[in-house]
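Residues per chain, in single letters:
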Amino acid sequence: MEQVVISGVGLWTPEHVVTNHELVEALNAYADKFNQEHAAGIEAGEVKPVMKSDADFIEKASGIKQRYVYVKDGILDIDRMRPRIEERADGELSHQAEIALHAARKAMAAANKTGSDIDAVVVSCAYTQRAYPAIAIEVQHELGINGFGFDMLVACSAATFALHRAYEMVRAGTARAVLVINPELVSPQVNYRDRDSHFIFGDVATAVIVERKDLASSEHQFDVLGTQAKTLYSNNIRSNFGYMSRAYDGDPFTADKLFHQEGRSVFKEVCPMAAEHLAEHLRLHGYQPEDVRRWWLHQANINMNQLISKKLLGRMPDGDEAPIVLDRYANTASAGSIIAFNLHHQDMLPGELGVLCSFGAGYSIGSLLLKKCA
């Protein structure tokens, strides 16, 4: 079995920012318009009013202050409230492949790798913009990689689950190096007219190189000591949009086809599940939570991260132990923990431990135990 390391990471951040205040202003203007136009139906109990939002409450409840988006145009237009993204022809580079390539090239540069060094590409995220051909194969083609690629959808655990597959390929000797990319183009699936979810997500792309340790030459490398995953079926986080919508003879863009969740149930059920998962993963390798130098946790909600950390450590962690990036990036689906890793790994000392973890719809939880190489 080959020894496996993470040898490079890349982060691409969109140029457009949408603040909480901008989102709230748009939603509240839409609510005023909708509720006025449907006043009679609302009065009769036949139409549900659109509920208004509050920027201060959003920050307090989630820790989110802003988010980056691939295209801002259209999101704040109360007659549209979705990004205005131009459709590209079949022969053009897809939007998702474009952002994937930005992150991939940064990860490859960090790992000192070219396309000829990589044998597999995995694009793993919450949504892909088409069923086939795979975005991963499109990216593979653009990078000149002579191997294979495939897409994976595991919602907010997509990045860690893909890293698990990359680790297994390299460890088994079926690939020298694997490029894992998380092009999280989530904004088209956000219901910007829904008070409970309009603020949650942002767009981003991350990438990681997983390779044989004897071939790695980068400045910052992390031994993969172990991987752990768990899934448990739940309907509390759901997105129903798909090819079956055409056969239902209904509106394929109604609220239930977009992202929606039962937030209180998710918080109550996922936090203990994640804490137990992480503690067990460490026990399997002879470690305790206090042995971990840094926690790169999924970035969905600051209160979830603080509760999970407190269950593990018996105290609140500081920002150096468990860095938070969701204040700037919001929830970026599977990419959140990779953003945290990208921004907070170079200062770690040889031999120090870190845990990379994501959790989300499914329910699904994935984690990697990492050690900084000498």
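These remarks concern the structure in this document.

Basis of the calculations
- Residues numbered from 1 in each chain as written.
- Predicted model: local features only at pLDDT ≥ 70, side-chain atom pairs only at ≥ 80, totals over all residues.
- Heavy atoms only, no water.
- Helix = DSSP H or I, 4+ residues; strand = E, 2+ residues; numbered from the N terminus.
- Rg over C-alpha atoms; globule rule 2.2 N^0.38 Å.
- Buried < 20%, exposed > 50% of the residue type's maximum accessible area, 1.4 Å probe, protein only.
- Contact = heavy atoms within 4.5 Å.
- Areas by Shrake-Rupley, 256 points an atom, 1.4 Å probe, with all protein chains shown as cover.
- Lys, Arg positive; Asp, Glu negative; His and termini not counted.
- Charge placed at Lys NZ, Arg CZ, Asp CG, Glu CD.
- Salt bridge = Lys/Arg side-chain N within 4 Å of Asp/Glu carboxyl O.
- Core = buried A, V, L, I, M, F, W, Y, C linked by side-chain atoms within 4.5 Å.
- Axes fitted to C-alpha atoms, helices over the stretch in contact; angles between N-to-C directions.
- Parallel < 35°, antiparallel > 145°, perpendicular 65-115°, else oblique.
- Left-handed = near helix turned anticlockwise from the far one by under 90°.
- Nonpolar A, V, L, I, M, F, W, Y, C, P; charged D, E, K, R; others polar.
- Patch = residues over 30% accessible without salt bridge, like charges linked within 9 Å, V, L, I, M, F, W, Y side chains within 5 Å.
- Pairing = 2+ DSSP bridges.
- Right-handed = clockwise from strand over helix to strand, strands pointing away.

## Here we look at the overall build of the protein chain
Then comes step 1: The helix and strand inventory of the protein chain stands at 10 helices and 13 strands.
Then comes step 2: Over its C-alpha trace the protein chain gives a radius of gyration of 21 Å, about what one expects of a compact globule, namely 21 Å for 374 residues.
Then comes step 3: Dimensions of the protein chain along its principal axes, counting C-alpha atoms only, are 70 × 55 × 35 Å.
Then comes step 4: Across the 374 residues in the protein chain, those meeting the buried criterion constitute 53%.
Then comes step 5: In the protein chain, the share of contacts with a sequence separation of at least 24, taken over all contacts with a separation of at least 6, comes to 78%.
Then comes step 6: Within the structure as shown, the protein chain displays about 16900 Å² of accessible surface, and the carbon and sulfur contribution to it stands at 49%.
Then comes step 7: Where the 37 positive side-chain charges of the protein chain centre and where its 48 negative ones centre are 4 Å apart.

## Overview of the pattern of salt bridges
Then comes step 1: Within the structure shown, the criterion is met by 23 salt bridges.
Then comes step 2: Across the salt bridge formed by Arg212 and Asp214, the nearest N and O atoms sit 2.7 Å from each other.
Then comes step 3: Residue Asp214 is classed as exposed on the basis of its relative accessible area of 54%.
Then comes step 4: Because the salt bridges share partners, they merge into one network encompassing Arg293, Arg294, Asp320, Asp347 and Glu352.

## Focus on the nonpolar core
Then comes step 1: Core analysis: the largest hydrophobic core is formed by 52 residues, its most contacted members being Leu278, Trp295, Ile308, Leu312, Val355 and Phe359.
Then comes step 2: Of all the elements in the fold, those that place two or more residues in this core are helix H1 (20-37), helix H3 (55-62), helix H7 (263-284), strand E11 (292-296), helix H8 (302-313), strand E12 (353-360) and strand E13 (364-372).
Then comes step 3: Sort the elements by how many residues they give to this core and H7 lands first, with nine residues.
Then comes step 4: The residues contacting Ile308, other than those within four sequence positions of it, are Cys271, Ala274, Ala275, Leu278 and Phe359.
Then comes step 5: Counting residues in each nonpolar core, the second largest holds 38 residues, with Ala158, Val170, Val204 and Val325 among its members.

## Some words on the packing of helix H4 (residues 95-111) against helix H5 (residues 135-143)
Then comes step 1: For the pair H4 and H5, interaxial distance at closest approach is 10 Å and the crossing angle is 55°. Taken as axis vectors, H4 and H5 run oblique relative to one another. For the pair H4 and H5, the crossing hand works out as right-handed. Contacts between H4 and H5 involve Gln96, Ala97, Ala100, Leu101, Ala104, Arg105 and Met108 from the first element and Ile135, Glu138, Val139, Glu142 and Leu143 from the second.
Then comes step 2: In terms of residue class, the contact of H4 with H5 is built from eight nonpolar, one polar and three charged.

## Re a nonpolar patch on the surface
Then comes step 1: On the surface, a nonpolar cluster with roughly 420 Å² of combined accessible area is contributed by Tyr243, Met244 and Tyr248.
Then comes step 2: Position of Tyr248 relative to the elements: it lies in the loop between strand E9 (237-238) and strand E10 (260-261).
Then comes step 3: Judged by its relative accessible area of 51%, Tyr248 falls in the exposed class.

## Observations concerning the pairing of strand E3 (residues 66-69)
Then comes step 1: Side chains Gln66 and Tyr68 project from E3 onto one buried face, and the interleaved Arg67 and Val69 project onto a second face that is buried too.
Then comes step 2: Summarising the sheet, strand E2 (residues 16-19) and E3 pair through four bridges and their orientation is antiparallel. Within E3, the position partnered with His16 by the bridge is Val69.

## Thoughts on the sheet that holds strand E7 (residues 204-212)
Strand pairing in a sheet relies on backbone hydrogen bonds, with the paired strands running either antiparallel or parallel.
Then comes step 1: With mixed pairing, the nine strands of this open sheet are ordered in space as E5-E4-E6-E7-E1-E8-E13-E12-E11. Because the sheet does not close on itself, it has two edges, and the strands there are strand E5 (148-153) and E11. This sheet shows a mean twist of 25° between the axes of neighbouring strands, independent of strand direction.
Then comes step 2: Of the strand pairs in this sheet, strand E4 (residues 120-125) and strand E6 (residues 177-184) are connected by four bridges, and their pairing is parallel. Across the sheet, residue Val121 finds its bridge partner in E6, namely Leu179.
Then comes step 3: The sheet strands contacting H4 are strand E1 (4-12), E4, E6 and E7, and the helix crosses E1 at an angle near 130°.

## Looking at the pairing of E5
A regular strand places its side chains so that they alternate between the two faces of the sheet.
Then comes step 1: By the bridge criterion, six bridges tie E4 to E5 in an arrangement that is parallel. Paired with Val121 across the strands is Gly149, a residue of E5.
Then comes step 2: With H5 bridging E4 and the parallel E5, this β-α-β connection has right-handed handedness.

## Observations regarding the packing of H1 against H3
Then comes step 1: Between H1 and H3, whose axes approach to 9 Å, the crossing angle comes to 125°. When the axis of H1 is compared with that of H3, the two are oblique. Once H1 is placed against H3, the crossing between them reads as right-handed. Counted together, Asn20, His21 and Val24 of H1 and Ala55, Ile58 and Glu59 of H3 form the full contact between these two elements.
Then comes step 2: Classifying every residue of the contact of H1 with H3 gives three nonpolar, two polar and one charged.

## With respect to the environment of Ser309
Then comes step 1: The residue Ser309 is located in helix H8 in this model.
Then comes step 2: For Ser309, a relative accessible area of 4% puts it in the buried group.
Then comes step 3: With 12 residues separating them in the primary sequence, Ser309 and Glu321 have C-alpha atoms 9.6 Å apart.
Then comes step 4: Once you skip the residues sitting within four places of it in the chain, Ser309 turns out to touch Leu297, Gly314, Arg315, Pro317 and Ala322.

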